[in-house]
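Chain by chain, the residues:
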Amino acid sequence: MLSGWLRYLVLFLAGAVSALAAPPFDLFFVLFLTFPVLVWGMDGVASDPDNGLFHRLRMGFLPGFFFGFGYFLAGLWWIGNAFLVDAQGFMWALPIAIIAVPAVLACFWGAATALARLFWAGDGRRLFILAAFFTLSEYLRSFVATGFPWNPLGAAAYFSPVTMQTASLLGTYAMTAFVVVV
């Protein structure tokens with residue numbers, strides 16, 4: 001029901017709240033509130049095939065980008081502290097660290113939702129499609145452009161010893177698929 005900048009603001013805020021699911025907070029349950037916002041945001045994207053592939057990819061990219069930007073901005077705020085050790089020499093890099101890094105990382109989630117949107121279904125299959133592309137994006141994020149595997153979505157599943165043991169067997173990327181589907 002939301003459109004325009006208000007839709008993207010809600011997605012950004014839902015992504016920021018999602019960061020509470022990652023360590024050290026381990027509030028996994030917040031994803032039950034925030035991830036449906038992302039799915040509903042993607043449901044609201046126009047998918048008319050007559051609009052062309054680029055338009056459909058762009059419209060699918062934006063919900064994931066804003067959700068991811070909120071997630072990474074809230075989850076990686078601490079990176080800026082490293083630049084304050086020698087603030088005189090490195091203060092110029094602070095905006096890059098706290099704004100640009102989360103924006104670049106959000107592009108991976110935007111790519112995941114853009115590709116997922118191409119195969120989007122109106123039923124429960126969409127969750128598995130989204131999980132597959134999120135898992136792929138998290139894997140690519142770990143090594144593309146020198147890699148930055150911090151704050152993977154799968155780390156949200158480390159809230160209990162049982163899920164930690166599952167992660168030790170299956171890996172973080174399988175846990176990402178688990179988190180998205182659940």
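A few points on the structure. All values derive from a computational prediction rather than experimental measurement. (Residues numbered from 1 in each chain as written. Predicted model: local features only at pLDDT ≥ 70, side-chain atom pairs only at ≥ 80, totals over all residues. Heavy atoms only, no water.)

## Let's talk about the packing of helix H1 (residues 4-18) against helix H2 (residues 31-43)
- Put simply, H1 and H2 touch, their axes get as near as 9 Å, and they point 150° apart. When the axes of H1 and H2 are compared, the pair comes out roughly antiparallel. For H1 against H2, the interelement crossing comes out left-handed. Between H1 and H2, the contacting residues are Arg 7, Val 10, Leu 11, Ala 14, Val 17 and Ser 18 on the first element and Leu 31, Thr 34, Val 37, Leu 38 and Gly 41 on the second.
- Among the residues forming the contact of H1 with H2, the class breakdown is seven nonpolar, three polar and one charged. (Axes fitted to C-alpha atoms, helices over the stretch in contact; angles between N-to-C directions. Helix = DSSP H or I, 4+ residues; strand = E, 2+ residues; numbered from the N terminus. Parallel < 35°, antiparallel > 145°, perpendicular 65-115°, else oblique. Left-handed = near helix turned anticlockwise from the far one by under 90°. Contact = heavy atoms within 4.5 Å. Nonpolar A, V, L, I, M, F, W, Y, C, P; charged D, E, K, R; others polar.)

## Quick notes on the layout of surface pockets
- If you add up the space inside the largest pocket, you get close to 200 Å³.
- Taken together, Ala 16, Ala 19, Leu 20, Ala 22, Pro 23, Pro 24, Phe 25, Ala 74, Gly 75, Trp 77, Trp 78 and Asn 151 form the lining of the largest pocket.
- Considered class by class, the residues forming the lining of the largest pocket number ten nonpolar, two polar and no charged. (1 Å grid on protein atoms, 1.4 Å probe; cavity = no way out; pocket = protein on both sides within 12 Å on 5 of 7 lines; lining within 4 Å. Points joined across faces, edges and corners; volume = space filled by probe spheres on them.)

## Details of the pattern of salt bridges
- Counting across every chain of the model gives three salt bridges.
- One salt bridge connects Arg 126 with Asp 43, and the closest N-O pair in it is separated by 2.9 Å. Taken as a pair, Arg 126 in helix H7 (residues 125-141) and Asp 43 in helix H2 lie far apart in primary sequence, 83 residues in all.
- With a relative accessible area of 29%, Asp 43 lands in the partly exposed category. (Salt bridge = Lys/Arg side-chain N within 4 Å of Asp/Glu carboxyl O. Buried < 20%, exposed > 50% of the residue type's maximum accessible area, 1.4 Å probe, protein only.)

## Considering the side chain of Ser 142
- Mapping Ser 142 onto the fold places it in the loop between H7 and helix H8 (161-170).
- Only 2.6 Å separates the side chain of Ser 142 from the backbone oxygen of Tyr 139, close enough to count as a polar contact.
- Among residues more than four places away in sequence, those in contact with Ser 142 are Gly 147, Phe 148, Pro 149 and Tyr 173. (Polar contact = N/O pair within 3.5 Å; in protein donor to acceptor, adjacent residues only side chain to side chain.)

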